[in-house]
Structures are given as C-alpha cells and as structure tokens.
Amino acid sequence: MVTTNKEKDVYKKLSIQVSLNGLSFCILNRKDNKICYFKKVDFEKQLDPIKVLSKIELLYEHEEQLNQPVDEVALLFNNALFSLVPENLFDEDNAASYLKFNTRILKTDFIAFDKIGQDTVNVYIPYANITNYFFDRYGEFEYRHSLSVLIESFLSLPKESDTPKVYLHVHKNFYELVIIENGKLVFANSFEYDTKDDFLYYLLFTAEQLKLDPEKFELILLGEINKNSEEYKMAWEYIKNISFMGPFHPFTFEETAKPKEELSEYLLIKSL
C-alpha cells in the first residue's frame, strides 16, 4: 500500500481527475514549484465506474512514478451527476432530493457536496468505489466535483469590467459553461454535444435565455479546444469578443511531464 508520507515532508502533491471518458494524473514538486509527472489516458468509449477503477489499478501497476510518496492528494470527479443549490435553501439531510429531478439515483449512491464561495452548494454523486480505492492507498485526502473547482477559479479572477464573462471549458463531446457577471455566479451547467452545431446551439441558447448579447459578452475558451478546432471557427462567426484563457498557473514542467496544451489540463493543474 502506498500512503501519503506523514513522517517526513516530501513536498509533493498529486492531482487526479476521473471521468467515465478518461483519467488524468499530475504531481507537483512544491519545493521547486515544478510539475514532475503528468499522465493522461483517454478511453475509446465511455466506461462504467467499475471498469474505470480497473483502469486505475492497471495504471498503478505499470506507472512507477504514480507509486512515489506524496504529501497531499486532490481527486476531482468530472460527471454530470450534480446540481447547484443556493446555500440558503440547502439542507444536508435532504441532499439527494436536489439530484432526483435531473439524474437517476440509486439507494446505494453516496451523495457529496461542495461549498462554492459564500452562497452556492454543488450537490453531486462521486464514484464511491474509486474514492475507497484512493483512501486505501493514501489515507485521508480531498475530493471535489470538477465544476466546483472550475467555478471557484473563475470567481477568484480579478474583476476587470462589468461585461458578463462566459467561460466555456471543453472536453471530448461535452463542455461546462460558467457565466460570471459583476463578480457573481450567474449560470453554470454542462452540455453534451455530438456536432459543432450542437456546440454552438447550447451556447447561443443559454445566452438568449439570460438575455446576453453576443455582440457584448466576453467568451473565454479553455480545455480541449484551440484555434484549429471546428467548434472555435464556428463560434468565431457568431461571438464578437472571443479569446482563450491566459496564463493560469505559476508552475514549470519537467520535460517529460509537459502536456501538449496546458489549457486542456486546466482543472488538473488548477487543483494543485
């Protein structure tokens, strides 16, 4: 069993992102602020949590660097099994009730929640088998829903103008859309898409429902998208103010640990 090293500081933090479509791992050496390990695995098709755990176990068998001692572990669950609730309406004893309208809940499901800022709670279903696996390896660690980390990171950015900021974080076949206005969260949700037309539709439909003018709001892109993406080219035709997220972390990379595009690993790096 590999555990976090409590007796002697090793100054390393492991960040893990788990979804049914893939896995990502990242280790930061906090002594020199350098990312010393990065691994990303995309699945050919969406798996169930049991098969995802098998993939994790296989990685730990074959990736020697994953078995090095770490001081701290952060686990992110990236799924659509969540619901955002105003904190003044949130009742921990009835947490499951907030999810029952938009996802199928089993009696065996464990319900977790993250507090976001001072007025929002993200209620979600983590994969208990995966949580238990990492607890057995590392002892106590922090786990959160990826959307919670995403929202908090955007809320912490300097408020440069009163213009609504629409952040679109892209994954393979789905994206999270987070809208911040006057330093406050206005909207956050995730959307699955199969085509570039779907991609644009959910964005423009959300803007229309919130009465946001495509000529005025700022669209900031991050995640698995770049200027060569068909989705970007289409969005460019309809959105006047469109850009990519700028530098977002202070770290350097070991040559073998550098992602092809840093923005595609925004959540993983941001949780270090």
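Residues numbered from 1 in each chain as written. Predicted model: local features only at pLDDT ≥ 70, side-chain atom pairs only at ≥ 80, totals over all residues. Heavy atoms only, no water.

This paragraph deals with the sheet that holds strand β8 (residues 142-145). Taken together, six strands build an open sheet; the order of strands is β8-β4-β1-β2-β3-β14 and the sheet is mixed. Each of the sheet's edge strands pairs with one partner strand only, and the pair in question is β8 and β14 (252-253). Pairing of strand β1 (residues 12-19) with strand β2 (residues 22-29), which is carried by eight bridges, proceeds in the antiparallel orientation. Looking across to β2, one finds that Gln 17 is bridged to Ser 24. Lying over the sheet, helix α2 (residues 128-138) contacts β1, β2, β4 (72-77) and β8, oriented at roughly 175° with respect to β4. Contacting β1, β4 and β8, helix α3 (residues 146-155) crosses the sheet at an angle of about 80° to β8. (Pairing = 2+ DSSP bridges. Helix = DSSP H or I, 4+ residues; strand = E, 2+ residues; numbered from the N terminus. Contact = heavy atoms within 4.5 Å. Axes fitted to C-alpha atoms, helices over the stretch in contact; angles between N-to-C directions.)

Attention shifts here to the nonpolar core. Of all hydrophobic cores here, the largest spans 31 residues; its most connected members are Ile 35, Phe 154, Val 178, Met 245 and Tyr 266. Looking at this core, the elements with two or more residues in it are β2, β3 (34-42), β6 (112-116), α3, β10 (174-181), β12 (218-223) and α6 (266-270). The next biggest cluster of nonpolar side chains, apart from the first, holds 27 residues, and it includes Ile 16, Val 52, Phe 77 and Phe 134. (Core = buried A, V, L, I, M, F, W, Y, C linked by side-chain atoms within 4.5 Å. Buried < 20%, exposed > 50% of the residue type's maximum accessible area, 1.4 Å probe, protein only.)

With that out of the way, let us pick up the packing of aromatic side chains. Here the structure, examined in full by the defined rule, presents 25 aromatic pairs. With 5.1 Å between their ring centres and 15° between their planes, Phe 191 and Tyr 202 make a pair best called stacked. Of this pair, Phe 191 sits in strand β11 (residues 184-192) while Tyr 202 sits in helix α4 (residues 196-209), and the two are eleven residues apart along the sequence. A relative accessible area of 15% means that Phe 191 is categorised as buried. The partly exposed category is assigned to Tyr 202, whose relative accessible area is 26%. Put simply, the rings of Phe 25, Tyr 60, Phe 77, Tyr 127, Tyr 133, Phe 134, Tyr 138, Phe 141 and Tyr 143 pair up and form one aromatic cluster. (Phe/Tyr/Trp six-rings, centres within 6.5 Å; stacked < 30°, edge-to-face > 60°.)

Summed over the entire model, instances satisfying the criterion amount to 13 salt bridges. Note that Lys 196 and Glu 230 form a salt bridge whose closest N and O atoms lie 3.6 Å from each other. Residue Lys 196 is found in helix α4, and its partner Glu 230 is found in helix α5 (residues 230-238); the two are separated by 34 residues along the sequence. On the accessibility criterion, Glu 230 (41% relative accessible area) is partly exposed. Taken together, the salt bridges that share partners define one network made up of Lys 13, Arg 30, Asp 71 and Glu 72. (Salt bridge = Lys/Arg side-chain N within 4 Å of Asp/Glu carboxyl O.)

Across the sheet, which stays open at both edges, the five strands sit in the order β11-β10-β9-β12-β13 with mixed pairing between neighbours. Strand pairing shows two members of the sheet lacking a second neighbour, β11 and β13 (241-244), which therefore form its edges. Direction aside, the axes of adjacent strands within the sheet are offset by 20° on average. When strand β9 (residues 165-171) meets β10, the two strands line up antiparallel, connected through seven bridges. Residue pairing in the sheet places Tyr 167 in a bridge with Val 178 of β10. In the packing of α3 onto the sheet, contacts are made with β9, β10, β11 and β12, and the angle to β10 comes to roughly 35°. Of the strands in this sheet, β12 and β13 touch α5, which is tilted by about 150° from β13.

Remember that the coordinates give geometry; whether it matters functionally is a separate question.
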